[in-house]
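Now for the letters of each chain:
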Amino acid sequence: MKTIAIYPGSFNPFTIGHQNILEKAERILGKDNVIIAVGINPDKSKVIGAEMEMFKDNRVMSVKYQLPSKNIEGYVGFLTEYVREKEAEGYNVVVIRGLRNGYDFDYEYNQIRFMWDQMPELNIICLFADPAYMHVSSSAYRALEKVKPGSGHKYLAREIEDDSKS
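In what follows, the accompanying structure is described.

Analysis parameters
Residues numbered from 1 in each chain as written. Predicted model: local features only at pLDDT ≥ 70, side-chain atom pairs only at ≥ 80, totals over all residues. Heavy atoms only, no water. Buried < 20%, exposed > 50% of the residue type's maximum accessible area, 1.4 Å probe, protein only. Helix = DSSP H or I, 4+ residues; strand = E, 2+ residues; numbered from the N terminus. Arc of directions from axis to C-beta. Contact = heavy atoms within 4.5 Å. Pairing = 2+ DSSP bridges. Axes fitted to C-alpha atoms, helices over the stretch in contact; angles between N-to-C directions. Phe/Tyr/Trp six-rings, centres within 6.5 Å; stacked < 30°, edge-to-face > 60°. Expected span 1.5 Å × (residues − 1). Polar contact = N/O pair within 3.5 Å; in protein donor to acceptor, adjacent residues only side chain to side chain. Right-handed = clockwise from strand over helix to strand, strands pointing away. Salt bridge = Lys/Arg side-chain N within 4 Å of Asp/Glu carboxyl O.

Here we come to helix α3 (residues 79-88). Residues lying three or four places apart along an α-helix face the same way, a consequence of the helix completing one turn every 3.6 residues. If you check which residues of α3 are buried, you get Leu79, Thr80, Tyr82, Val83 and Lys86. Summarising the axial view, the buried residues of α3 lie within an arc of 160°, below the 170-degree limit, and thus occupy one face. Buried-residue contacts for α3 involve β1 (3-9), β2 (34-39), β3 (71-75), β4 (92-99) and α4 (102-118). Just downstream of α3, Gly90 is the residue with a positive phi angle, here 100°.

So, in structure tokens, the structure goes:
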């Protein structure tokens, strides 16, 4: 059974901090084995009902624009439901969570407890962000952009072309 890693988040937008965690997951599990799973966080969006599917598709396209070679999928609902879908396809699934600081740890651990209530056998790996990225968040990016459009641009993730393959 092939093991895949699901790196879930709302990724609004996908920042260099997210990219730091993604690169670590890819080094551990292999680039072809990591799925960036774009989910809809109701606390971070005012989208409801039928609009969720369209909103999810737009968020997926936005991340694909930033990282065109990555495996990116979207989901609506509980992460545990998405994991079960992947397991039904024959995969062994590991969920990747990124941590910047103690606040993130407290938040993530609380979320993980709810996920374990829904799916006790769920495998989760937490990866710490490098110190250079501990302050970077999508919320901070959006706040910078509100004050001065373009001021958060350096915090957006983007793929760097590998010239060694030419």
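Here Arg142 lies in helix α5 (residues 138-147). Classification of Arg142 as partly exposed rests on a relative accessible area of 29%. Not counting chain neighbours up to four residues away, the residues in contact with Arg142 comprise Asn12 and Pro13.

This part is about the sheet that holds β4. Read from one edge to the other, the open sheet built from 5 strands follows the order β3-β2-β1-β4-β5, with strand pairing classed as parallel. At either end of the open sheet lies a strand with only one pairing partner, and these are β3 and β5 (123-128). Pairs of neighbouring strands in the sheet enclose a mean axial angle of 35°, with direction left out of account. By the bridge criterion, 5 bridges tie β1 to β2 in an arrangement that is parallel. Residue pairing for β2: Ile6 is matched across the bridge by Ile35. Against the sheet, helix α1 (residues 16-29) makes contact with β1, β2, β4 and β5, and its axis sits at roughly 125° relative to β5, the strand it touches most. Packed on one face of the sheet, α4 meets β4 and β5 and runs near 155° to β4.

On to the packing of aromatic side chains, then. The full count for this structure, using the stated rule, is 6 aromatic pairs. Within the aromatic cluster, the residues linked to one another by ring pairs are Tyr7, Phe11 and Phe14.

Its 14 residues place the ends of α1 20 Å apart at the C-alpha level, agreeing with the 20 Å of an ideal helix rising 1.5 Å per residue. For α1, every residue scored as buried is listed here: Gly17, His18, Gln19, Asn20, Ile21, Leu22, Lys24, Ala25 and Glu26. With a side-chain oxygen lying 3.2 Å from the backbone nitrogen of Gly17, the N-terminal cap of α1 falls on Thr15.

Counting buried residues in β2 gives 6 out of 6 residues, a clear majority hidden from the surface. The two faces of β2 match: Val34, Ile36 and Val38 on one face and Ile35, Ala37 and Gly39 on the other face are all buried. As for the winding sense of the linkage, the β-α-β connection from β1 through α1 to β2 is right-handed. When β2 meets β3, the two strands line up parallel, connected through 5 bridges. Across the sheet, the residue bridging to Ala37 is Glu73, located in β3.

What follows covers the pattern of salt bridges. Under the criterion given, the structure shown has 6 salt bridges. The closest approach of N and O atoms between Lys70 and Glu26, which form a salt bridge, is 3.0 Å. With Lys70 in the loop between α2 (51-66) and β3 and Glu26 in helix α1, the pair connects residues that are 44 residues apart, well separated along the chain. Across the salt bridge formed by Lys86 and Glu89, the nearest N and O atoms sit 3.5 Å from each other. A cluster of three or more residues bridged by salt bridges with shared partners is formed by Glu73, Lys86 and Glu89.

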